[in-house]
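Working through the structure, step by step
Chain by chain, the residues:
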Amino acid sequence: MADIVLSGIAEEIIGRLASAAVQEIGLLWSVKDELSELEETMSTTKAVLLDAEEMQTHNHQVRTWLKRLEDAVCEADDLMDEFNTEAALQQQGMLGNEMTKQVCTFFSASNQVAFRHKLGHKIIAIKEKLTAIRDDRNFHLEERHEETRVVTRGTGPTHSYVPEEEVIGRYRDRMAIMEYLMDAEIEENVGVIPIVGTGGLGKTTLAQVVFNDEKVEKHFDLRMWVYVCKSFNIKLLVEKIIKSATNKGLENLEMDQLQKVLQKEISGKRYLLILDDVWNENREIWLSLKILLSNCGKGSRIIITTRSLVVGEITSSMKPYILGRLNQDESWALFKKVAFNYGEEPKNYNISVIGKEIIEKCGGFPLAIRTIGRMLYFKNPEAEWSSFLKMEFSKIPQEGNYILPTLKLSYDNLPADLKRCFAFCKLFPKGHQIDIKLLINLWMALGFIKISDSTKSLVEVGNEYFMDLLWRSFFQELEEDDEGNKTCKMHALMHDLATQVGGARYAVLETNKKSNFNQATHHVSFDFHLDSSEKVPTTLLEANKIRTILLLRQSSRKIRGRRGQSVCDVIVSSFKSVRLLDLHNLGIKIVPTCIGKLKHLRYLDLSENEDIKMLPDSITLLYNLQTLKLSYCTKLQELPRDLNKLVNLVNLEIDMCYSLTHMPGGLGQLTNLQTLSRFVLKEGTSRTTIKSKRSCNHEVGELSDLMGLNNIRGKLSIINLGNGDQDSKTANLKDKQHLCSLSLCWHVDYDYGKLYWDLVDGHVNVNDDLLLPSYLKDVEYEATLEGLEPHPNLKGLCLEYYEGVEFPSWLPSHANLECLFLKNSLKCQYLPPLNGLVSLKVLNLEGVLGLEYISDASPASSTTSVLLPALEILEFIRLPNLKGWWRRTDINDCKDGISMNDHVSLSFPRLHRFIIIGCPKLSFLPMSPNIKNLLVQNNIWKPFQLAVLTASTFSNLSLLALFKIEDLQSLPEWLKYLTCLRNLGIISCNNLMSLSPGIQQLASLLEGLRIDDCQQLDMFNDVGDLNFWKALTNLCSLELRWSPQLKTHLPQGIQYLTSLQELKIEYCSNLISIDSEWITNLKSLNALTIRACPNLTSLPQGIRHLTSLHTLEIVDCPILFKACQTDVGEHWPKVAQVPNFILKSTATSDDDDSQTTSTFLGCNWNVFNKIRIPQFSNKRT
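Going by the annotation in an unreviewed UniProt entry, the name recorded for the chain is Disease resistance protein RGA2-like, with Ziziphus jujuba given as the source organism.

Okay, structure coming up:
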């Protein structure tokens, strides 16, 4: 039964009626008396609403009365929202002398007099309706006032799994489950253990603890977690299992294609699969899934959590594990943990007695104990616990499963604003990972967040709301990624509770299911990919009270043509009262002008509509708009000129809007703005140009527009610095204390990549003044950057195209800085002192062409014993003049051209990734036993060899790339000391002729091997006895690129790579045929890429028999491009069965060049996914 919560709406209406702006315009329009009468009626109604809301569960008359009142209150809310909007516009003078004309336009009225007359009648009608309902009741209601909201406590958990210390009373259960998981005597290849128990007992929590146990993690080769819920669709489940195993989603594949991918992932592996919250009681359906999961290593296990004993019996031959309730001692221990400060035993004996009586009523259910305990934490134990025990618990039936009514007690004790926030979550599907920032913005848009402290923003109060609900266990599994984005989930029972209290007011539309909404529905979410207006039910379009349209299942695929545009047009024209409108990824090209008529709109999401080039000016009529999302609208060229009229805007998201030419002027008026990801300055090559623009009513955004925007938080990128004579201090970045990441990019139209090669080849000198265009020489880089000093709280800083010789005085003192990026600079010769950056984790230098030393000092002048103690990632890319870390005059310490001083001085205790690309003069290596990823070039080959032979610096190295090592003719035997090495790349080592003897030492370790542009390496004659290939028993990925020896077939030894899953053959211009019928031996192969092989004429016949192959990509192979055309190509029968067949030809030679990367990390090996290295070409024309 849905709960009706009106007190919060009523209070908001009263607040609007009492505002000075409304009173003023009421007097002006001669409706002041009507407004006063409406305020009085609403106030007397609100006085009894709290009592009515509490009584509605047990009194049918009260509930019927509230239902009648709900419609009237919502009508009043819409009317006052409209009126309040006009009052605010009037007060701010936005209508000016054209008030009559624009008011008529805004309200679509014929004239001002008619509008006032109509408005007056509306107010009177609403007042009379409310009065009649208020007085039409034959029951008594007490006048009550809601207490102030409780304070928020704690920050909640930080991981998706449950920490051991949070789990009480389940040790024996945990040990019993783990004993079964590791029982070697079980004969079944896949053993299934069902954990059965009613909702709220902690089945999922127990499975999580087992899943994350260190012994379990080491015991299984693969662990997967799938939330099932009530939909036991085999195809959907297989997709989820594959995604859990690979971290990659597969869309639009048929069932046969999916099962092939699944077999590849689990074949030969001992896996653990958790199927959480299973409801299916059909044995045949279960067996059809189990068959698909049987081709695995012996000892694999499936844990099922379910509320149904039938499910437990049909899924396993063993007896289901029945999870019991907590005993009295365990219940008391859990209750103390959540209900008292620091989990301490209460000193007052009477409180302990009451507490134990309360937990007895919770029946040993952990979820109920935790939820009730956290609710009671905010009540006075001595004054309120006893009455709660007597009054509230007496209403709960004491027979059967009463967990949901018990949980509802906590809901009933929430303030009205939190009740609405919780009920709204019905719109999210069960198990949905909820983006917390998004959730708060949605609450804001619907007016659920109430500010009682004027010093706090809506976002800050919204975050308090969330933390309040999280701590009370309405949310769980709080997670935070590296960029600070937070997500959470809801327990299945909590979602059931949200569904119950939300009722018909909140509706979720599901594909192929009957619509579950009616005239009472205000909020709608689509639980499927919406790509056509035909999928929007006609009955929904006829509803006139819809306030929310939310698209939660838009896939990554793009919508083309008019289908998505039609969805946009239909929705915008149909729902005039909408406050929250989600239109992302609909393939929209033109945003309809009538969107400006949605006067109630607070939230508009147009992101991922990459064909939008312009927005209609009518968007600036959306006075109430708080959130405008335009990220990934890659063709968007400019924002509306009068965007500054959206004075309530809090979030302006324009990430990846690369076509945006400038910001409109006057954004400084948007003082509520908290999210502004990019600020683009107008391009120009002279100060005169900028000044002429300024004279045009400040139509183009300037740095001074940022001055008052001190609530901006998160990340900010300022693009096209250096245009004109703008004073950078006017941006006032120093006062933006909430800013986390800052990127500063100067305007440049210059090819730093070409300049790099000119410097390397000696065609130009770094000190040549002619290197930069003349207009760049006039830019005051150093003064500009000095004036852009950020707040000391800043965590990340990126400087791009900065051509100052020196760095600002403020940089060395930013002790909180964690990431520093410097990209594309010519004049910089050394960095500022880094000793003060004690929090720095990432240092990335890329394309700093004039840099000679990191520090202008010497090791002796360093004031710290450990340089950069927090540094974890060090990346040097395209630094042609970098010689060392310290600038020194004494080089007598060198031997064979190798200086070890830097080695001794550069000790980074936490460093785990070191990348060097295009640094020919550099000859030092940092010292750290934790380095796992390393790219070695010719200039550091000898230091690397010395370090491997004399120290344990690289004992944990798992990824090694050898790049352009000139004197490397064969792989050395000493590579055997790299016992943790798993991935090896050899790139552009043109004198390399043999992989022996080193490769034999590594063969059994390697999982990934890449041979790229090694012109003299003969893959056919090297290690010709094939023992080398046979020893590569664990190799999963092989890449062969720029290999002129490949002509008529692949090396014969590849047929012995039975574990091979990915094979790439790229830029082999001499390759004519892949006449290798033994390719059928590669039974694990699931991905094959053939790229830029222009003379390749045929594919092997055996390719059609590779049953595990699910991706075949052929790019820029003109002969094969014709031969593999669908249905008509000569080789089409060979490739027709491949689920994901990609055949394409790039349009220009530039696209070709983009593929000629020598970046070792350009491959798709999973181990490289988190390593960010830009493309770096070694091919020049």
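What follows covers the overall build of the chain. The helix and strand tally for the chain stands at 36 helices and 38 strands. Counting the 1181 residues in the chain, one finds 56% classified as buried. In the chain, the share of contacts with a sequence separation of at least 24, taken over all contacts with a separation of at least 6, comes to 69%. By element, 48% of the accessible surface of the chain is carried by carbon and sulfur atoms, the whole surface being about 49500 Å².

Let's shift gears to the sheet that holds strand β2 (residues 222–229). An order of β2-β3-β4-β1-β5 is seen for the 5 strands of this open sheet, with the pairing classed as parallel. Where the open sheet ends on each side, the last strands, each with one partner, are β2 and β5 (321–322). Note: strand β3 (residues 271–278) against strand β4 (residues 300–306), 5 bridges, orientation parallel. Across the sheet, residue L275 finds its bridge partner in β4, namely I304. Its contacts with the sheet place helix α9 (residues 203–211) against β1 (190–196), β2, β3 and β4, and it is angled at close to 170 degrees to β2. Across the sheet, helix α13 (residues 283–292) lies against β1, β3 and β4, angled at about 135 degrees from β1, the strand it touches most.

Using the criterion set out here, one finds 28 aromatic pairs in the structure. Centre to centre, the rings of F424 and F448 are 6.3 Å apart; their planes meet at 75 degrees, and the pair counts as edge-to-face. Taken together, the positions of F424 in helix α20 (residues 416–424) and F448 in the loop between α21 (436–445) and α22 (458–471) put the pair 24 residues apart, joining distant regions of the chain. For the pair F424 and F448, one class covers both residues: buried. Each ring, one from F876 and one from F914, has its centre 5.9 Å from the other, and the planes form 85 degrees; the classification is edge-to-face. One end of the pair, F876, is in strand β25 (residues 873–877); the other, F914, is in strand β29 (residues 913–917), and 38 residues separate them in sequence. A single burial state applies to F876 and to F914, both of which are buried. Among the aromatic residues, ring-to-ring pairing joins W332, F335, F340 and W385 into one connected group. Directly above the ring of F211 sits R223, whose terminal nitrogen or CZ lies 4.7 Å from the centroid.

Strand order across the open sheet formed by 8 strands is β9-β10-β11-β12-β13-β14-β15-β16, with parallel pairing between neighbours. Since the sheet does not close on itself, it has two edges, and those belong to β9 (506–509) and β16 (675–676), each with one partner. As paired strands, strand β10 (residues 523–526) and strand β11 (residues 548–551) are joined by 4 bridges and run parallel to one another. Of the residues in β11, the one forming a bridge with S525 is L550. In this fold α21 packs onto β11, β12 (580–582), β13 (603–605), β14 (627–629), β15 (651–653) and β16, with an angle of close to 135 degrees to the strand it touches most, β13.

The biggest cluster of nonpolar side chains holds 189 residues, and the ones touching the most others in it are F876, W885, F944 and L960. When neighbours within four sequence positions are excluded, F944 is seen to be in contact with L925, L934, V936, F954, L957, L960, W974 and L978. By size, the runner-up hydrophobic cluster in this structure holds 88 residues, among which are L389, L414, Y465 and V650.

Now for the pattern of salt bridges. Enumeration over the complete set of coordinates arrives at 46 salt bridges. The shortest N-O distance in the salt bridge between D78 and R547 comes to 3.2 Å. Linking D78 in helix α5 (residues 60–92) with R547 in the loop between α24 (538–542) and β11, this pair joins segments that are 469 residues apart in sequence. We note that D78, like R547, is buried. Put simply, R553 and D527 hold a salt bridge, and the shortest N to O gap is 2.5 Å. One end of the pair, R553, is in the loop between β11 and α25 (562–574); the other, D527, is in the loop between β10 and α24, and 26 residues separate them in sequence. Through salt bridges with shared partners, a single network forms among R1010, D1012, E1039, R1041, E1066, R1091 and E1113.

Our next topic: the state of the cysteines. Summed over the entire model, instances satisfying the criterion amount to 0 disulfides. C657 forms no disulfide, and the closest cysteine sulfur to it belongs to C633, at a distance of 5.4 Å. Given the relative accessible area of 0%, C657 is considered buried.

With that out of the way, let us pick up helix α12 (residues 255–266). In this model α12 runs 17 Å from its N-terminal to its C-terminal C-alpha over 12 residues, within 8% of the 16 Å that 1.5 Å per residue would give. α12 sits mainly inside the fold: 10 of its 12 residues count as buried. Of all the residues in α12, the buried ones are Q257, L258, Q259, K260, V261, L262, Q263, K264, E265 and I266. Of the surrounding elements, those touching the buried residues of α12 are β2, α11 (234–246), β3 and α13. Immediately downstream of α12, the backbone of G268 shows phi near 75 degrees, a positive value.

Let's shift gears to α21. Counting buried residues along α21, 8 of its 10 residues qualify, which places the element largely inside the surrounding structure. By the burial criterion, the buried members of α21 are I436, L439, I440, N441, L442, W443, M444 and A445. Measuring from the side-chain oxygen of the N-cap residue of α21 to the backbone nitrogen of K437 gives 3.0 Å; that N-cap residue is D435. Once α21 finishes, G447 follows within two positions and takes phi at roughly 75 degrees, a positive value.

Now for the environment of L598. Locating L598 in the fold gives a position in the loop between β12 and β13. Contacts of L598, omitting those with residues within four sequence positions, involve V572, F575, K576, V578, L581 and L622.

Looking now at the pairing of β1. Counted residue by residue, β1 has 7 buried out of 7 residues, so it is predominantly covered. Here β1 shows two buried faces, one formed by V190, V192, P194 and V196 and the other by G191, I193 and I195. Note: β1 against β4, 7 bridges, orientation parallel. Its bridge partner lying in β4, V196 is registered against T306.

Cis geometry marks the peptide bond from S996 to P997; its omega dihedral reads 0 degrees. With respect to the secondary-structure elements, P997 resides in the loop between β32 (983–987) and α32 (998–1002). Phi at N247 takes a positive value of approximately 60 degrees, unusual for a residue other than glycine. Tracing the chain through its elements places N247 in the loop between α11 and α12.

On to the side chain of S631. Relative to the helices and strands, S631 resides in the loop between β14 and β15. Given the relative accessible area of 9%, S631 is considered buried. If sequence neighbours within four positions are ignored, S631 has contacts with S607, E608, E653, I654, D655 and C657.

Quick notes on the rules
Residues numbered from 1 in each chain as written. Predicted model: local features only at pLDDT ≥ 70, side-chain atom pairs only at ≥ 80, totals over all residues. Heavy atoms only, no water. Helix = DSSP H or I, 4+ residues; strand = E, 2+ residues; numbered from the N terminus. Buried < 20%, exposed > 50% of the residue type's maximum accessible area, 1.4 Å probe, protein only. Contact = heavy atoms within 4.5 Å. Areas by Shrake-Rupley, 256 points an atom, 1.4 Å probe, with all protein chains shown as cover. Pairing = 2+ DSSP bridges. Axes fitted to C-alpha atoms, helices over the stretch in contact; angles between N-to-C directions. Phe/Tyr/Trp six-rings, centres within 6.5 Å; stacked < 30°, edge-to-face > 60°. Lys NZ or Arg CZ within 6 Å of the ring centre and 35° of its normal. Core = buried A, V, L, I, M, F, W, Y, C linked by side-chain atoms within 4.5 Å. Salt bridge = Lys/Arg side-chain N within 4 Å of Asp/Glu carboxyl O. Disulfide = S-S within 2.5 Å. Expected span 1.5 Å × (residues − 1). Polar contact = N/O pair within 3.5 Å; in protein donor to acceptor, adjacent residues only side chain to side chain.

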